[in-house]
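# Survey of secondary and tertiary structure
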Amino acid sequence: MSAVDGQPAEPSDAPEPSDAPAPFAAAGQSDVANAAVLVTGGTRGIGAGIARGFLRAGARVLVCGRTEPAELPCADGRTALFTQADIRDPEQAAGTVRKSIELFHRLDIVVSNAGGSPAASAATASPRFHAKVIELNLIAPLHIAQAANAVMQERGSGSIIMVGSVSGARPSPGTAAYGAAKAGLHHLVTSLAIEWGPAVRINCVVPGFVATESVAEQYGDPAAVAAVAATVPLRRLATPDDVAQVCLFLASPGASYVSGTCLTVHGGGEPPAFLSAGVRSD
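All of these numbers come straight from a predicted model, not from anything done at the bench.

If you look at the biggest cluster of nonpolar residues, it comprises 37 residues, and the most contacted ones within it are Ile-87, Val-110, Ile-160, Met-162 and Ile-202. Those elements that place two or more of their residues in this core are β1 (36-40), β2 (60-65), α2 (90-104), α3 (127-155), β7 (158-163), α4 (176-196) and β8 (200-207). Residues contacting Ile-160, with those up to four places away along its chain left out, are Val-110, Ala-145, Ala-148, Asn-149, Met-152, Trp-196, Val-200, Arg-201, Ile-202 and Asn-203. Ranked by size, the runner-up nonpolar core spans 30 residues in total, among them Leu-55, Val-63, Val-205 and Val-243.

Next up, the structure:
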């Protein structure tokens, strides 16, 4: 249930200083070329896919975490930069935003992706466990958003994207605190959009089942993964790139009138239980 980890890195292709950076391009819905992007938890899983998506689109990307990964996200010859931070700590969260300004001299887009939780019975999990899950999945994104908003308000524009979960929109047995935190995150987006508009847009992408490098840990062996995929109307799990494409849209000029929304990416959703039970709905 940790954010992705690492030590500060200073790659040789760090961007050149600029006192007056040009705005990122607005030619198409997915065009975020030249944008400065921060992705929390961006070195593996969904976060790495999001980082690669923005790199592929021509953005400059900073990822953060608690320890350095073996490899940083890269795409089309571009590699993300890295800074070490535990964003559950408000000072370190603010420091991550400052690092983006130091490297890129601006911050256009934040994708607050770091989160997660191991399975645990709500009846027996410790109070500390529940508090840590909520801290990582709800409070830490708020820390990052507050720091980013201060920068974006001063500049007069910005886009913040939270990564929620279908666990926050339906029962989440085995990860009750996680589901509750994600439900809170979805609600947080609606409130921040009102408080921080018009300069800053706040939205949330809500993934369903996603095939990452830890898919076996989440769903089981290949047969179990296939069984899960078979329940999805589109008959497959999402990929990190599927989620990245939605983030690219929400961050782009094509979504300039989209704020305060949660956009679900679940391949059609989970069929109701009565269908498999053979119970008629009429």
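This part takes up unusual backbone geometry. Between Gly-197 and Pro-198 the backbone carries a cis peptide bond, its omega angle lying at 5 degrees. Structurally, Pro-198 can be placed in the loop between α4 and β8. With phi around 55 degrees, Asp-76 is a residue other than glycine that occupies positive phi space. For Asp-76, the position within the fold is in the loop between β3 (74-75) and β4 (78-79). Even without glycine at this site, Arg-235 takes up a positive phi of about 60 degrees. Along the polypeptide, Arg-235 turns up in the loop between α6 (222-230) and α7 (240-251).

Next up on the list: the state of the cysteines. Scanning the entire structure with this criterion turns up 0 disulfides. For Cys-204, which is in no disulfide, the shortest distance to another cysteine sulfur is to Cys-262 and amounts to 4.2 Å. Under the relative-accessibility criterion, Cys-204 is labelled buried at 0%.

Mapping Tyr-219 onto the fold places it in helix α5 (residues 215-219). On a C-alpha basis, the gap between Tyr-219 and Phe-209 in space is 9.3 Å, while along the polypeptide they are 10 residues apart. Residues contacting Tyr-219, with those up to four places away along its chain left out, are Phe-209, Val-210, Ala-224, Val-225, Val-228 and Leu-237.

The rules behind these values
- Residues numbered from 1 in each chain as written.
- Predicted model: local features only at pLDDT ≥ 70, side-chain atom pairs only at ≥ 80, totals over all residues.
- Heavy atoms only, no water.
- Core = buried A, V, L, I, M, F, W, Y, C linked by side-chain atoms within 4.5 Å.
- Buried < 20%, exposed > 50% of the residue type's maximum accessible area, 1.4 Å probe, protein only.
- Helix = DSSP H or I, 4+ residues; strand = E, 2+ residues; numbered from the N terminus.
- Contact = heavy atoms within 4.5 Å.
- Disulfide = S-S within 2.5 Å.

What is shown is where atoms sit, not what they do.
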